[in-house]
Amino acid sequence: MAASLSGDGRTSSEEDGADSGDSPSDGAGVLQPCPGLLSLPGEVLELILCSGGLDYRDIVSVTRSCRRLRDLCVARGTVWRRQLFARWPSIMKHYNQLDLLDWLEEFKTRHKAGIEAQRIVAAFSKALIIEHRMPCEGFNDLNTSAYPIHFIEDELLSILKTENGKCLTKKYCAKKILYFMRQDATICKLKGYLQRPVDQQDILEGAVLIDQYCNPLEDVSLENIQAEIENITRRVKVYLSTKNSRHPSLSLQAGESSYIEDLDLQGQALDALNHVLFMEMKFKGNVADFYNPLNSYIHQVLINGTGIPISLSVLYLTLAERLGVHLEPVNFPNHFMLRWCQRAQGGSNITDYMYVDAFGCGKCLTAKECEYMIGQHVTEEFYAAVRTKEVLQRMVGNLLNLGKRESKDGSFMLLRVSLDLYLTMYPDSVQHLLLQARLYFHLGIWPEKVLDILQNIQALDPSQHGAVAYLVQHTLEHIERRKEDIGPNVRRRSSEKEVCYSVGLLVKHKRYDYRGVIFGWDPVCMMPPDWIEILSVHQLPQGAGQPFYNVLLDDGSYSYVAQENLEPHPEPGAIQHPDIAHYFSEFAGTHYIANKELQLQYPEDTDFNVQLSLLRQSDAPQPEP
């Protein structure tokens, strides 16, 4: 908007650069109320002003027309509340129905927060795309913002929800910022959670925090998870009532922590739980895809009905507590378990417990049967109950192992987030700090962060001096090279006559028929000799001396393809690739338009695509008159 709102609802000029086209009415446009309108009761006038036909500029004009209407549009009244939620409906969840606030001030704050968010996205875009650096770690603009963080987040979400095919880079940067914002908020919650007394660390809440950190852009909340678990609990109680209408579990209310003492009644509750969870709802261990990280996320376990022993145990234990049955987590080797005491006064021996296998549909095992299941003898210490923090450590450890095993896109994102979680719980773990430093060094990101980690390692364990010194030396060299980097490696088509295709062109592979968009090219193959040999590039008719192209594929992967294997796509269409916005600003219908950074590197390719598009249009069959 080209004007802001003053304290009494009037407008004053501001060059804030937000919402182009939102210019308020000038003096000649002030609403002049007719006498008949002013004769209506105040409630009717307020209803008219809140009907939805007027926007904030109209309300500002109304307040300047006469005293009675200005009094109706008071800052703490219904009119400005209606304006706030009509303009930004998604922020309603942050308010209660009975809140008595200065709604005009809230409106102005949300508006200014939107301007600030747009500025942050522009600064992020410049750093990421133009300057080619990742401004994620300790993003100062977010940390020092004077506006409520949920207002900033709301503006970022509004950018992401824009439905047109333009501003792709802007959306890409807004998504990155939102990702790190939510992760930062989750880490703060996790730190607070870990500082609580042990008896106040709810195991489900801890599992949700891990889930939220690993999936910050998904709608994962403790409230929603609890609601789903409560629905399952109600189903179990309905079934249990058909077996024992006087069972004490039926009278337990949500959130009530009361345990049943009678062992037979506990058994009845667990039998009902097993029937509903595993027979009716078909929950099961994911044997077919055991190493899928989705098995570790509690919201995905509830969606898919599958999990691994530890995630299913967290769900099972939580449900059992709501039925009045006390179970304890057991960090059993290779197979997480729950133990159920068979003595009223508590057990002191492993034979005093049955061990519940949630992965095995709630089957109860003796200590000896547990050993048979994993095929090895274990000492009594492995049958002991563990604290919530140790359960979370094992959950994160599973993700760490998966992150080390695979990285489909080369970003090692799962390894990065699981390391963050582990070091939040155990900040002095030298082994994991060193792994984190090596990972960042390998990825070439946040070299200053690498130096901080290495300094911390040296202080914690001087014996690591050799490894630390090596990484310090090469990190400093990386920082110096970055300072000397004077700009992109410019590729001009006019200097490379053999290059037929351009950045932004939609192509398909002649042999394998996959489709993609070119985001870079080399006049000859620039891959190392072993890559050229493994892929038999020399067997191509034109060999390695022909142009090669970097291509974003429609399946979300990348490819480096010889020119002779590509051809322009006869029916170009938008490509579904997670990094499309990192290279292109919009889809122009026949080709993608490179963003500023890519245009600097390939300055002549944009005009080539425009000419090609015009040529295609002229060759298209014309409709008959």
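Note that the structure is predicted; figures quoted are calculated from it, not measured.

K.L.:
What should I look at first to understand the environment of Ser585 in this one?
P.N.:
Here Ser585 is to be found in strand E14 (residues 584-587). According to the relative accessible area criterion, Ser585 is partly exposed, its value standing at 22%. Counting along the chain gives 417 residues from Ser585 to Leu168, while the straight-line C-alpha distance between them is 4.7 Å.

K.L.:
Hey, could you run me through the pairing of strand E7 (residues 353-357) in this one?
P.N.:
On any regular strand, side chains alternate: one points to one face of the sheet, the next to the other face. Of all five residues in E7, four are buried, a share of seventy percent or more. Here strand E6 (residues 337-341) pairs with E7 via four bridges, running antiparallel. Across the sheet, residue Arg339 finds its bridge partner in E7, namely Tyr355. What sits between the antiparallel neighbours E7 and strand E8 (residues 363-365) is a turn of five residues, in which Cys361 has the positive phi angle 60°.

K.L.:
Explain the side chain of Gln212 here, please?
P.N.:
Structurally, Gln212 is set in helix H10 (residues 203-214). Residue Gln212 is classed as buried on the basis of its relative accessible area, which comes to 13%. Look past the residues within four positions of Gln212 in its chain and what remains in contact with it is Thr186, Val220, Ser221 and Leu222.

K.L.:
I tried to follow the nonpolar core on my own but got confused; where do I start?
P.N.:
One broad rule of soluble globular proteins: the nonpolar side chains tend to lie buried together. Leu273, Leu277, Leu315 and Tyr316 are the most contacted members of the largest nonpolar core, which has 81 residues in total. Look past the residues within four positions of Tyr316 in its chain and what remains in contact with it is Leu270, Leu273, Asn274, Leu277, Phe278, Leu327, Leu338, Val356, Ala358 and Gly362. Cys73, Trp88, Leu104 and Ala113 belong to the second largest nonpolar core, which has 35 residues in total.

K.L.:
Looking at this structure, I do not really get the sheet that holds strand E5 (residues 328-330). What am I missing?
P.N.:
Two orientations exist for strands paired in a sheet by backbone hydrogen bonds: parallel and antiparallel. Reading across the sheet, the four strands line up as E5-E6-E7-E8 and stay open at both edges, with antiparallel pairing between neighbours. Lying at the two open borders of the sheet, with one neighbouring strand each, are E5 and E8. Sheet twist, expressed as the mean angle between neighbouring strand axes with direction ignored, is 40°. Where E7 meets E8, three bridges bridge the pair, whose relative direction is antiparallel.

Calculation notes
Residues numbered from 1 in each chain as written. Predicted model: local features only at pLDDT ≥ 70, side-chain atom pairs only at ≥ 80, totals over all residues. Heavy atoms only, no water. Helix = DSSP H or I, 4+ residues; strand = E, 2+ residues; numbered from the N terminus. Buried < 20%, exposed > 50% of the residue type's maximum accessible area, 1.4 Å probe, protein only. Pairing = 2+ DSSP bridges. Contact = heavy atoms within 4.5 Å. Core = buried A, V, L, I, M, F, W, Y, C linked by side-chain atoms within 4.5 Å. Axes fitted to C-alpha atoms, helices over the stretch in contact; angles between N-to-C directions.

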